[in-house]
Amino acid sequence: ASTVSSFQVDPGNGEPIEVPGALYSNVGLSGASDSHLLLEPGSYDHDGASIQWQGADLMVRADPAARGRAIEGTIDAISLEGKGVDAGFESLSITADQSATDYGFNIGSADIELRDLTFGSGDGSVSMARMGIKAHSEIKDERVSGHSTFAVSKLTSPTGDVVDVEFQVSIADFDAQSLGVISTALKEVQGAGDPQAAMANLYPRIEDDLQTLVRKGMEFSIDQLNVSLPQGLVITAVEINVEEMPADEAFSWPAVLLNMTAAVDVRLPVELFDMLALMNPEAGSLVAMGILQKDGNDYVMEADYAKGLINVNGAPMPIPIPGM
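Residues numbered from 1 in each chain as written. Predicted model: local features only at pLDDT ≥ 70, side-chain atom pairs only at ≥ 80, totals over all residues. Heavy atoms only, no water.

A. Summary view of the overall build of the protein chain. A tally of regular secondary structure across the protein chain gives 6 helices and 19 strands. The globule rule puts the C-alpha radius of gyration for 324 residues at 20 Å, and the 25 Å found for the protein chain is more than 25% above it. Across its three principal axes, the protein chain shows a C-alpha extent of roughly 70 × 55 × 35 Å. Every one of the 324 residues in the protein chain was classed for burial, and the buried ones make up 28%. (Helix = DSSP H or I, 4+ residues; strand = E, 2+ residues; numbered from the N terminus. Rg over C-alpha atoms; globule rule 2.2 N^0.38 Å. Buried < 20%, exposed > 50% of the residue type's maximum accessible area, 1.4 Å probe, protein only.)

B. Looking closely at the nonpolar core. Membership of the largest hydrophobic core comes to 42 residues, with the highest contact counts inside it found for Leu268 and Val312. With residues up to four places along the chain from it excluded, the contact list for Leu268 reads Leu233, Val234, Phe273, Leu292, Asp298 and Tyr299. (Core = buried A, V, L, I, M, F, W, Y, C linked by side-chain atoms within 4.5 Å. Contact = heavy atoms within 4.5 Å.)

C. The side chain of Ser221, seen in detail. Among the secondary structure elements, Ser221 is positioned in strand β13 (residues 218–229). Its relative accessible area of 12% is what places Ser221 among the buried residues. A polar contact is formed between the side chain of Ser221 and the side chain of Asp223, at a distance of 2.9 Å. For Ser221, the contacting residues outside a window of four places in its chain are Gln168, Val169, Ser170, Val238 and Glu239. (Polar contact = N/O pair within 3.5 Å; in protein donor to acceptor, adjacent residues only side chain to side chain.)

D. View of the pattern of salt bridges. Counted according to the given criterion, the structure contains 8 salt bridges. Asp298 is paired through a salt bridge with Arg267; the nearest N and O atoms lie 3.2 Å apart. One end of the pair, Asp298, is in strand β17 (residues 298–306); the other, Arg267, is in strand β15 (residues 260–269), with 31 residues separating them in the sequence. Taken together, the shared-partner salt bridges in this structure form one network comprising Glu113, Arg115 and Arg130. (Salt bridge = Lys/Arg side-chain N within 4 Å of Asp/Glu carboxyl O.)

E. Summary view of helix α5 (residues 270–279). All buried positions along α5 are accounted for by Val270, Leu272 and Phe273. Considered in projection along α5, the buried side chains sweep an arc of 160° and stay on one side of the axis. Exposed residues pointing more than 90 degrees away from the buried face of α5 are listed as Glu271, Leu278 and Met279. Turning to α5, the residues buried within the fold contact β13, β14 (232–242), β15, α6 (284–288), β16 (293–295) and β17. (Arc of directions from axis to C-beta.)

In structure tokens, the structure reads:
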């Protein structure tokens, strides 16, 4: 079957507005379908507000047999003006290909990019040159692995401060069955009538699966977390590796800690640390204890953990570290 659909929007006065464009859809005998949305440029004024759009070109494909869905396309510039608020963006592009799994979550890839976002007006405006998200995940031998990147360029606050963010995170060898149970429980908590009460009761529901997840071993890393601030560049990297526990070994969290290795590297500008120390004088103890060491215009920390022992900047430290 093939269809062509047009659109109307009722602003509430009973006088529908024609939306320029159409949705072209095809459905095959197997249930697989594709839909092509083409919106033409247009505008609308209502009650002192005005919205303008430059169009959209989106393709959506679905395959029930493979439990897959893909979307690809671009939404061109949209702007909104009215009652002291101006908002809009230059373009939004998306490419995603996702497949459902037997574990209750999807795997696949996604690439989303938003350009030239603005919100507010006058001295209270916020803008962003670009925001990008890329992600990929897969399952092999009932283990989940994946990586994601998140980047923000030239996020400008009402004070004029400009911030850039680069974030990369990876996971490897997460037990798919346990991860699915935990993921489903978290979704149910978010949709609960009283999320706070549901969160308080969450741990007993996922305790067994959380232990299984950790028992089977996994890797987690923040490969890059760079934040560019007016005071300078903050650089952070974290790596955690939990080895699989023997099947005949009784589970305990101390045993997990002994099976775990980790590393944390941090670099932050002296100017930023001094500002934080003014707000919280106890932060100065981090320098006095050698947890942070001065390196030119930055403070640095290089920490390694293995088999219950931690070394910070080459010096052994007791666990837990005093003051942290």
